[in-house]
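Understanding the architecture of this molecule
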Amino acid sequence: MHLNSICSFLSAFINCLFSNVFCLESEFSLKGDYLLGGLFALHEVQHATPLSSPEAIQCFRYTFSKSGYQMFQVMRFAIEEINNSTTLLPNVSLGYEIFDHCTDTKNFPSVFSFISKNGSIKPKEKLNNYQPKVIALTGPYGSTRTITIAPLLTMDVIPLVNYGASSYALSNKLQYPTLIRTIPSNKNLIEMIIHIIRWFGWNWVAFLGSQDDYSEDGLTIFNKYIKNTGICLAYQEAFSQRANYSLTLKKIDMLNIKVIVVFAVPQYASNIIKAAIANNIRGKVWIASETWAMNQQLPREPGIGKIGTVIGITERLLTLPGFDEFIYKERGIMHAYSADSNVQSESKTCNQDCDYCPLLTAEDIINENPTFSFSIYAAIYTIAHALHNVLQCDMNECNKNITVKPYMLLEQMKKLDFPLNGRQVKYDDNGDPTISFAVVLWNTETNPPHFEMVGTYDTYPEITFTINNSRLPWHNSVPFSNCSVECKKGFSREPDRYHSCCFLCKKCPRNSYVNYSWDPYTCSPCSESEWSDEGSTSCKNRSVVYLEVTEILSIIVMASASFLIILLIAIFCLFAHDYNTPVVKSAGGSMCFLMLTCLIMSTISVFFFFGKPSFVFCVLRNVVFAFFFTVFLSCMAVRSFQIVCIFKMAAKFPNMHSLWVKHNGQWLFVGFFSVIHLISCILWMTVSTPIPSRDSSTFKNLTILSCEMGNPVTVSVVVFTGWFLGFLCLLFSYMGRDLPKNYNEAKSITFSLILYYVSCIIYFTAYLILKSKYTQLVNAMTQLSSIYGILFSYFIPKSYIMIFQPQKNTAAYFQTSIQNYTQTISRT
């Protein structure tokens, strides 16, 4: 059975190949010095029937294609123009052999004819010895058809200059080394489509195609190239011959997709558009690939204007000067021949006949889709220029003694760079041409409808892309085709789990912002030196504030501190002058100078609260005061204890009193607590040194410079030591509240220490509640008020007596006070 099938196929092939070969004057063939092959789809097989055995097809039995016939005539026109040229291939004539290529897989007899030599094919013969019938060929239309026949031509390295196959796979020169094409690849076409989508800000699109190499290749590239562009492919489908177009269009409508890319051959594109009209699909934007962008029948379909806007992508349209005249001349000859001769029917060769072709008028051909006209024209001129170079032609003649082999033309084609009708013809390493796309708008409101160019995309001499929005019907209100409504300013996108284009809008919190050009999905935090309100798109610089030296309050406090230091130094000098007087001795004697020195040093620390905080300032303002004021309190505590001890404990505990006096107990006490406190201060600075801090959280637009107190535990130890000594002072003062007037310091010490405690409480309350630069001012005033309280309650009264009441600063006066106290005690 298989043998019979093969024999039937060979019989049909031989009949198609050799019957009536004498008819060389038909439209399908022309004699010449060098023969070119041409494959054009004059008929289209709408529904191919699967076969289990080889079978040659008769194309004239299927649907006629005006567009295919127009392309067929462009090849004939180009060859006639070259044959009439005096500069390109002088004294050389080109002939052609053209076949009707109507299916993807059943047109092998025509290809076999091209690669045969005297009716036979010798695949193993060396290239230098084998001369196929044609030196090069152009066609066929469609990627699948080209991919099917290309391997057969590769076998003999016959150049295939294609005008209508855009599959990106054909750019692979390892698989298709002999293929050169004059139309851009799907890669370029998809790039153009993405340019358009991004130009209008769309990101929610559908992609419709068919189950063939052209559409599948386009879909693969589209999916690859939309990554990282913000475009989401919301719906995709490749239609089969029995597809349900209505169901697909309803799904697209339900998904609220407004932009539909139809990347399909004309047959399927036509079915999709007609289904859209029938299903009352409205308000869409249809992006047409170049296969149907200039379709002549669809714009005339009733109701086409209701489905929305059709934007097509096609090669930049160029007129072919002389083509119209050529068609009118050919139509005239054909009609005359048909009227005067009955031989035509006898001259038909397999797939080189067309019953409907003579019926077409010149206008039918001229007005047909011109999308591929220049591509065919450029393909023929590419072959001619390559042959021109192989034959070493000059302006007058060519060297016909050179034996031209197909592979020689292929080598020359890769080097070509020539102008043609205002377009530069040249090829890259993949055999692809320079890009010159046009964006056309279907204007269906006019009668007849026409195509209006609204944009361009070129890669030579440089890459340029532009669209004239004002020429589009919705230039003031671009159709919305996005998954989500764009977020308002200051709102970040919260992405959807399934589609990156779908999101919710979330308001950015305070001190953060969203940068749409950088990352619209993240509320980026402002830096520490910046701030922002809720819903911001940028950060503002914070104002840096601190307690400046030049402020009025700062000047007042520093003046008070300066006055206090002068007063303390004056008292120091006064006590030194009257060192041996009873008042000085009752105040503490030599210990008074340590007390006054500590107060002076504590006062000096106040000056470090003003100006920009630094490490040194933070240490001096806190640690210095804490140490010296605590030493002062230890002196006050031991002084209070000592007075009580002399008047109340000396008689009851004479041994203890003698030991206290003998070993200078007061200095041991002061030294002990001073060392303990010094260790705690060193520990404070070691564990967590007071350092400059920046508070950016309290005020939204301010950064407050201050000093950190440090580790709470070490700070608590330091504060506790001072407060404990203050408590001892109060205790001993209370015990001596009934001592002689000259020795009774309970009121002064109690007043000064209560003022100290109240000041500390006020400061710590302000520190916890009031977050401001003036918290530091409160701290300085706390220290200053504590020192002033001690000064005016303890030292000033004694200084007053020394200066204004010298009669009370005598031993007799103090002795009288002691005697009165003794008498009072004895009575009780």
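Attention in this report is confined to the structure presented alongside it. On a predicted model such as this, the values are computed, not experimentally measured, just so you know.

Thresholds, definitions, all that
Residues numbered from 1 in each chain as written. Predicted model: local features only at pLDDT ≥ 70, side-chain atom pairs only at ≥ 80, totals over all residues. Heavy atoms only, no water. Helix = DSSP H or I, 4+ residues; strand = E, 2+ residues; numbered from the N terminus. Contact = heavy atoms within 4.5 Å. Disulfide = S-S within 2.5 Å. Buried < 20%, exposed > 50% of the residue type's maximum accessible area, 1.4 Å probe, protein only. Axes fitted to C-alpha atoms, helices over the stretch in contact; angles between N-to-C directions. Parallel < 35°, antiparallel > 145°, perpendicular 65-115°, else oblique. Left-handed = near helix turned anticlockwise from the far one by under 90°. Nonpolar A, V, L, I, M, F, W, Y, C, P; charged D, E, K, R; others polar. Pairing = 2+ DSSP bridges. Core = buried A, V, L, I, M, F, W, Y, C linked by side-chain atoms within 4.5 Å. Expected span 1.5 Å × (residues − 1). Polar contact = N/O pair within 3.5 Å; in protein donor to acceptor, adjacent residues only side chain to side chain. Phe/Tyr/Trp six-rings, centres within 6.5 Å; stacked < 30°, edge-to-face > 60°. Salt bridge = Lys/Arg side-chain N within 4 Å of Asp/Glu carboxyl O.

Turning our attention to the overall build of the protein. The secondary structure content of the protein amounts to 22 helices and 27 strands. Here the contacts in the protein between residues at least 6 apart in sequence split such that 71% fall between residues at least 24 apart.

A few words on the state of the cysteines. Applying the stated rule across the entire model yields nine disulfides. With its sulfur 1.9 Å from that of its partner, Cys618 forms a disulfide with Cys707. Taking the sign of the S-S torsion, -80° for the link of Cys618 and Cys707, the bridge is left-handed. With Cys618 in helix 16 (residues 615-649) and Cys707 in strand 27 (residues 702-707), this pair connects stretches of sequence that are 89 residues apart. Assessed through its relative accessible area of 6%, Cys707 is described here as buried. With no disulfide of its own, Cys592 lies 9.2 Å from the sulfur of Cys635, the closest cysteine sulfur. Overall, Cys592 belongs to the buried group, its relative accessible area being 0%.

Between helix 13 (residues 552-577) and helix 21 (residues 774-804), the least distance of the axes is 10 Å, while the angle of their chain directions is 30°. Relative to helix 21, helix 13 is oriented roughly parallel. Of the two elements, helix 13 crosses helix 21, and the hand of that crossing is left-handed. For the contact of helix 13 with helix 21, the residue count by class is 23 nonpolar, two polar and one charged.

Quick look at the sheet that holds strand 11 (residues 259-263) now. A sheet is described by the order of its strands in space; here eight strands give the open sequence 10-9-11-12-13-16-17-18, paired in mixed fashion. In the strand order of this sheet, the two ends are held by strand 10 (232-239) and strand 18 (464-467), each with one partner. The mean angle between the axes of side-by-side strands here comes to 25°, regardless of whether they run parallel or antiparallel. Each of strand 9 (204-210), strand 10, strand 11 and strand 12 (284-288) touches helix 7 (residues 245-254); the most contacted strand, strand 10, lies at about 175° to it.

On to the pairing of strand 16 (residues 436-443), then. Among the eight residues of strand 16, eight are classified as buried, and the element is accordingly described as predominantly covered. With burial as the criterion, each face of strand 16 is covered, one bearing Ser436, Ala438, Val440 and Trp442 and the other bearing Phe437, Val439, Leu441 and Asn443. Examined bridge by bridge, strand 13 (residues 308-315) and strand 16 share five bridges and lie antiparallel to one another. When the bridges of strand 16 are listed, Ile313 appears paired with Val439. Where strand 16 and strand 17 (residues 450-458) come together, eight bridges link them in antiparallel fashion. If you follow Val439 over to strand 17, its bridge partner there is Gly455. What sits between strand 16 and strand 17 in their antiparallel hairpin is a turn of six residues.

Now for the pairing of strand 22 (residues 519-525). Where strand 21 (residues 512-515) and strand 22 come together, three bridges link them in antiparallel fashion. Counterpart to Ser512 in the pairing with strand 22 is Pro525. Joining the antiparallel neighbours strand 21 and strand 22 is a turn of three residues.

Further remarks concern the nonpolar core. Ranked by size, the top nonpolar core spans 64 residues in total, and within it Leu89 and Leu409 carry the most contacts. By residue number, the principal contributor to this core is helix 11 (residues 373-390), which donates twelve residues. Contacts of Leu409, omitting those with residues within four sequence positions, involve Ile135, Ala136, Pro159, Ile383, Ala386, Leu387, Val390 and Val404. Among the nonpolar cores identified, the runner-up in size contains 63 residues, and Ile565, Val583, Met636 and Ile790 belong to it.

Next up on the list: the sheet that holds strand 25 (residues 543-545). One open sheet accounts for three strands, arranged 25-27-26; its pairing is mixed. On the outer flanks of this sheet lie strand 25 and strand 26 (692-695), each paired with one strand and no other. Taking each pair of neighbouring strands and ignoring which way they run, the sheet shows an average axis angle of 25°. Sheet topology places strand 25 next to strand 27; three bridges connect them, and they run parallel. Opposite Ser543, over in strand 27, you have Leu702 as the bridge partner.

With that settled, the discussion passes to helix 5 (residues 186-199). Taking 1.5 Å of rise per residue, the 14 residues of helix 5 would be expected to cover 20 Å, and the 19 Å separating its terminal C-alpha atoms lies within 8% of that figure. Turning to helix 5, its buried residues number three or more, namely Asn186, Asn188, Leu189, Ile190, Met192, Ile193, Ile194, Ile196 and Ile197.

Moving on, we come to the side chain of Thr775. Considering the arrangement of structural elements, one finds Thr775 in helix 21. Sequence-distant contacts of Thr775, that is, excluding residues within four places in its chain, are made with Tyr763, Ala766, Tyr767 and Leu770.

This next bit is on helix 15 (residues 591-604). Since the α-helix advances by 3.6 residues per turn, residues separated by three or four positions end up pointing in the same direction. The end-to-end C-alpha distance of helix 15 is 20 Å, a good match for the 20 Å that 14 residues give at a rise of 1.5 Å each. Along helix 15, ten of the 14 residues are buried, which leaves the element largely enclosed by surrounding structure. Residues Met591, Cys592, Phe593, Met595, Leu596, Cys598, Leu599, Ile600, Ser602 and Thr603 constitute the buried set of helix 15.

With respect to the helices and strands, the residue Ser696 is situated in the loop between strand 26 and strand 27. At a separation of 3.3 Å, a polar atom in the side chain of Ser696 contacts the side chain of Thr703. Those residues within four positions of Ser696 in sequence are excluded, and the remaining contacts are Glu528, Arg542, Leu702 and Thr703.

What follows deals with the packing of aromatic side chains. Each aromatic ring pair is described using two quantities: the centre-to-centre distance and the angle formed by the ring planes. In the structure shown here, the tally under the stated rule is 37 aromatic pairs. Considering the side-chain rings of Phe207 and Phe222, the 5.1 Å spacing of their centres and the 35° angle between planes classify their relative orientation as tilted. On the criterion of sequence distance, the pair formed by Phe207 in strand 9 and Phe222 in helix 6 (residues 213-225) is long-range, its members being 15 residues apart. By relative accessible area, Phe207 is classed as buried at 2%. Since its relative accessible area comes to 0%, Phe222 is described here as buried. Ring centres of Tyr788 and Phe792 lie 5.9 Å apart, and the angle between their planes is 15°; on these two criteria the pair is classed as stacked. Of this pair, Tyr788 and Phe792 both sit in helix 21, four residues apart, which is roughly one turn of that helix. Given the relative accessible area of 18%, Tyr788 is considered buried.

Let's shift gears to the pattern of salt bridges. Tallying each qualifying case throughout the model produces 18 salt bridges. Between Asp417 and Lys426 there is a salt bridge; the shortest N-O distance is 4.0 Å. Judged by its relative accessible area of 43%, Asp417 is partly exposed. A salt bridge links Glu528 to Arg694; the shortest N-O distance between them is 3.9 Å. Residue Glu528 is found in the loop between strand 22 and strand 23 (530-531), and its partner Arg694 is found in strand 26; the two are separated by 166 residues along the sequence. When salt bridges that share partners are traced, they join Glu27, Arg76, Glu330 and Arg331 into one network.

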